[in-house]
Amino acid sequence: MNFENCKDVWVFIENFKGQPKDVGFELLGQGRLLANGLKQDLCAVVIGKDVDESIKGAEEYGADKIYVVQGDEYEDYSSDGYGNAFLELINKNSPNTILIGATIRGRELGSTIAVSLRTGLTADCTALSVEEETGNVVWERPAFGGNLYAQIICGDTRPQMGTVRPNAFKKKDKDLTNKAEVVRENIRVNPAAIATKVLDFLAAKEEGGIPVEQAEFVVSGGRGMKNAENFAMLQELAHLLGGTVGSSRAAVDAGWMPQARQVGQTGKTVTPRIYIACGISGAVQHVAGMSESDTIIAINKDASAPIFEVADYCIVGDLFQVVPALIKELKVNKG
Amino acid sequence: MNIVVCIKQVPDTTEIKIDPVKNTLIRTGVPSIMNPFDKNALEQALRVKEKNGGTVTVISMGPDQAKTVLREALAMGADKAYLVTDRAFGGSDTYATSYILSQVIKKIGPFDVILGGIQAIDGDTGQTASSIAEHLGLNRVSYVLDMEKKDDKVIIKRKVEEGVVVLEAKLPVLVTSLKESNKPRYRTIKGVIDALKADIPEIRFADLPGIDETKIGLKGSPTRVKATFTPKRNATGEVMEAVNPQETAKSLIGKLVEAKLL
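As the structure is a computational prediction, the values presented were derived from the model and not from experiment.

## Some words on the nonpolar core
Nonpolar side chains tend to gather and get buried jointly when the protein is soluble and globular. With 127 residues, the main nonpolar core has A:V45 and B:V5 as its most contacted residues. The contact partners of A:V45, leaving out residues within four places of it in the chain, are A:W10, A:V11, A:F12, A:I13, A:Y67, A:F86 and A:L89. Of all hydrophobic cores here, the second largest spans 53 residues; its members include A:V245, A:I276, A:A305 and A:I307.

## Comments concerning the sheet that holds strand β18 (residues 313-316) of chain A
With parallel pairing, six strands are arranged side by side in an open sheet as β15(A)-β14(A)-β16(A)-β17(A)-β18(A)-β15(B). Each end of this open sheet is capped by a strand with a single partner; those strands are β15 (244-247) of chain A together with β15 (238-241) of chain B. Neighbouring strand axes in the sheet, compared pairwise and without regard to direction, differ in orientation by 20° on average. Where strand β14 (residues 217-221) of chain A meets strand β16 (residues 274-278) of chain A, five bridges bridge the pair, whose relative direction is parallel. The partner of A:F217 across the bridge, within β16(A), is A:I274. In the packing of helix α8 (residues 319-334) of chain A onto the sheet, contacts are made with β16, β17 (295-300) and β18 of chain A, and the angle to β17(A) comes to roughly 135°.

## Comments concerning helix α4 (residues 104-117) of chain A
Residue and element names in this part refer to chain A. Over its 14 residues, α4 runs 21 Å from end to end, which matches the ideal 20 Å to within 8%, given 1.5 Å per residue. Of all 14 residues making up α4, twelve are buried, and the element is well covered by its neighbours. Just past α4, the residue R118 takes up positive phi, approximately 55°.

## Structural notes on the pairing of strand β11 (residues 163-170) of chain B
Consecutive side chains along a regular strand alternate between the two faces of the sheet. Bridge count for strand β13 (residues 196-203) of chain A against β11(B) is seven bridges, and the pairing is antiparallel. Looking across to β11(B), one finds that A:F201 is bridged to B:V165. Of the pairings in the sheet, the one linking strand β10 (residues 153-160) of chain B to β11(B) comprises eight bridges and is antiparallel in character. What sits directly across from B:I155, in β11(B), is B:E168. Counted between consecutive antiparallel strands, the loop separating β10(B) from β11(B) contains two residues.

## Re the interface of chain B and chain A
One widely used convention gives an interface's size as the accessible area the parts lose upon coming together. The partner chain A presents 73 residues to the 65 residues of chain B that form the contact. Listing elements by their share of the side of chain B that touches chain A, those giving two or more residues are α3 (94-108), α4 (128-136), β9 (139-150), β10, β11, β14 (224-229), β15 and α6 (245-258) of chain B. Ranked by the residues each element gives to the side of chain B that touches chain A, the list is headed by β11(B), at eight residues. Across the side of chain B that touches chain A, the residue classes break down as 27 nonpolar, 21 polar and 17 charged. Two elements, β18(A) and β15(B), share four bridges in a ladder whose sense is parallel. Residue A:V316 lies in a different strand from β15(B), and its bridge partner there is B:E241.

## Points about the pairing of strand β12 (residues 173-177) of chain B
Residue and element names in this part refer to chain B. In terms of residue burial, β12 counts as a mostly covered element, since five of its five residues are buried. Here β12 shows a buried face lined by V173, V175 and S177 and a second buried face lined by L174 and T176. Both strand β8 (residues 113-117) and β12 contribute to a ladder of five bridges, which runs parallel. In the sheet register, I114 faces β12, and the bridge partner there is L174. Pairing analysis gives four bridges linking β9 to β12, with the strands arranged parallel. What sits directly across from V144, in β12, is S177.

## A closer look at the packing of helix α3 (residues 79-93) of chain A against α4(A)
Residue and element names in this part refer to chain A. One can describe the packing of α3 onto α4 by two numbers: an axis separation of 9 Å at closest approach and a directional angle of 50°. Between α3 and α4, the interaxial angle falls into the category oblique. Considering the relative orientation of α3 and α4, their crossing is right-handed. The residues of α4 that touch α3, namely those facing S79, Y82, G83, F86, L87 and I90, are E108, L109, T112, I113, S116 and L117. Among the residues making up the contact of α3 with α4, the classes are represented as seven nonpolar, four polar and one charged.

## Describing the sheet that holds strand β13 (residues 202-203) of chain B
Here ten strands make up an open sheet; going across it, the order is β13(A)-β11(B)-β10(B)-β9(B)-β12(B)-β8(B)-β1(B)-β6(B)-β7(B)-β13(B) and the pairing mixed. Two strands lie at the open edges of the sheet, namely β13 of chain A together with β13 of chain B, each paired on one side alone. Set on the sheet, α4(B) makes contact with β1 (2-6), β8, β9 and β12 of chain B; between it and β12(B) the angle comes to about 180°.

## Considerations on α8(A)
Side chains that are three or four residues apart share a direction in an α-helix, a result of its 3.6 residues per turn. Over its 16 residues, α8(A) runs 22 Å from end to end, which matches the ideal 22 Å to within 8%, given 1.5 Å per residue. The complete set of buried residues in α8(A) reads A:L319, A:V322, A:V323, A:A325, A:L326 and A:E329. The arc that holds every buried residue of α8(A), seen down its axis, measures 160°, which confines them to one face. Structural note: α8(A) exposes A:K331 and A:V332 on the side pointing more than 90 degrees away from its buried face. In this structure, the buried side of α8(A) is in contact with α5 (231-241), β16, β17 and β18 of chain A together with α6 of chain B.

What counts and how
- Within any chain, residue numbers begin from 1 and follow the written order of that chain's sequence.
- Naming scheme: in the order in which they are written, chains are lettered from A and ligands are numbered from 1.
- Under the rules for a predicted model, residues below a pLDDT of 70 receive no local features and side-chain atom pairs below 80 are neither given nor counted, while totals for whole chains, interfaces and linings still include all residues.
- In this description, a nonpolar core means buried residues of the types Ala, Val, Leu, Ile, Met, Phe, Trp, Tyr and Cys, linked to one another by C-beta atoms lying within 7 Å.
- Counting other C-beta atoms within 10 Å of its own, a residue is labelled buried from 20 upward, exposed at 12 or fewer, and partly exposed in the gap between, with every C-beta atom placed from the backbone.
- The contact criterion used is a C-beta to C-beta distance within 7 Å, with each C-beta placed from the backbone.
- Pairing between strands is defined by DSSP: at least two bridges between the two strands are required.
- Each helix corresponds to a stretch of at least 4 residues labelled H or I by DSSP, and each strand to a stretch of at least 2 residues labelled E; elements are numbered beginning at the N terminus.
- Each axis is a line fitted through C-alpha atoms, taken for helices only over the stretch in contact, and angles between the N-to-C directions span 0 to 180 degrees.
- For a helix, the expected span equals 1.5 Å multiplied by the number of residues minus one.
- Think of it as three bins: nonpolar holds Ala, Val, Leu, Ile, Met, Phe, Trp, Tyr, Cys and Pro, charged holds Asp, Glu, Lys and Arg, and polar takes everything else, Gly as well.
- In what follows, roughly perpendicular refers to angles from 65 to 115 degrees, roughly parallel to angles under 35, roughly antiparallel to angles over 145, and oblique to any angle outside these ranges.
- A crossing counts as left-handed when the near helix is turned anticlockwise from the far one by less than a right angle, and as right-handed when that turn is clockwise.
- Relevant arc is that of directions from the helix axis to the C-beta atoms, nothing else.

Take a look at the structure:
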């Protein structure tokens, strides 16, 4: 296949009410690696009503070029409005590769574009690389609850596309000296033609503090916690560390913790400084969401629990004794 | 309101085992279930039908044994079920699968609402349903918590990362459901008995005369699997037996402080 006319790696910078999401910037870091592998440029795509913050961020996080589509009709996400704008950009500029954050809107947008262009889209990738001889991106992703990983390629069509979960990669440091070329494209959609209309927005109520995917310290509990009440001591430990409480799927299924706190393949991906797993056996589907944490501490009375295979510190013991002991020790330390 | 729900039979991924040498799924002894999110979608469909009248049709693509989940759907209250099955459909990725399902929906439709789960627990891609909408040129809203019919539109509560968006969508529309959407009902005994006797028509390649052969199966799939592997773990962690929990806690905190992690 000859894809000489398909150039550049594009990264979608999703924003909500003018605020860019971190996943776009995380992907600029990965996009740079792919662009280097393909010897092409790295471009950001910004669509919205208020676009200044996204443009600024995309430049600081290393984009060579930023395509901007701005208009009142893009204030709220819609798959037809955003899809149309993105498709027009693609038709005009023929990108080689497109990366999109695997957010709720990103997954919808990705499939809209890929189907329309009849090209391949690989979901929820956790590692990306370039096959030098073909120029194909190798998209690596978990399946079957993280039990199996697959490398996927899209060899016969361009653009090759993939979505990547928030937090799967860390943001690179900002480069305040980077200068990006900003290309504004006048693509408009008649608001009446958009099939959905936003009537209202209800902001999420923050239960229990910092969202699990943003915390530097995460203390998670699993089936071994036995009931919802016992999570109070994890809350206390998390609070002492300045972190937050997470959960395995088992604890969510049991109704002890809300779904928003779930870490794992069907929950959030987290990469905190310290992850403490309490009474979590370490099923692959959980590990898939936390194994990239800087330091992992596991507390489990079963010395053969699989969680110990990924832990840096394996505390074999009764969590109902160890957690209170840690709390006491931290309090002493804080004096 | 005439509704079609796309359901998938999946292995129960909480009980899955992988052959570590061949890197393939060991299917023996692993129960097959209705994809949990699809069950929420079916529940949503049944509730809309109960309020507004109409029919609920379920479709599933897969081998003959996928009829089990179709019968389960009938037992829960679906009116009609179709199995989409043909060797020519094998090896389809999300593009090809969504194309085939879109052609089936065209054939057995029209429908006001197309429903599916946000994702299947085996593939976890979350992109097949909205791809169906794109093949059909339909409007779509994913991650829907609740929907209510209002004149020729539906009012949808949709989850986003920042909260909940309430929106109005023109019909026909494709929506996807999630776990928090509802609690799926149980099958009734009468439902189970009726479902056992129900006729489940099969839709094959030959039944879809307008289908574009170049868009289906392995050949029609833009992506292909290059390799598979199992996640490798190498236990290198420091084991600390908490015989005396307070001593262990002290030692651990000491190590974390020393490593400048605290």
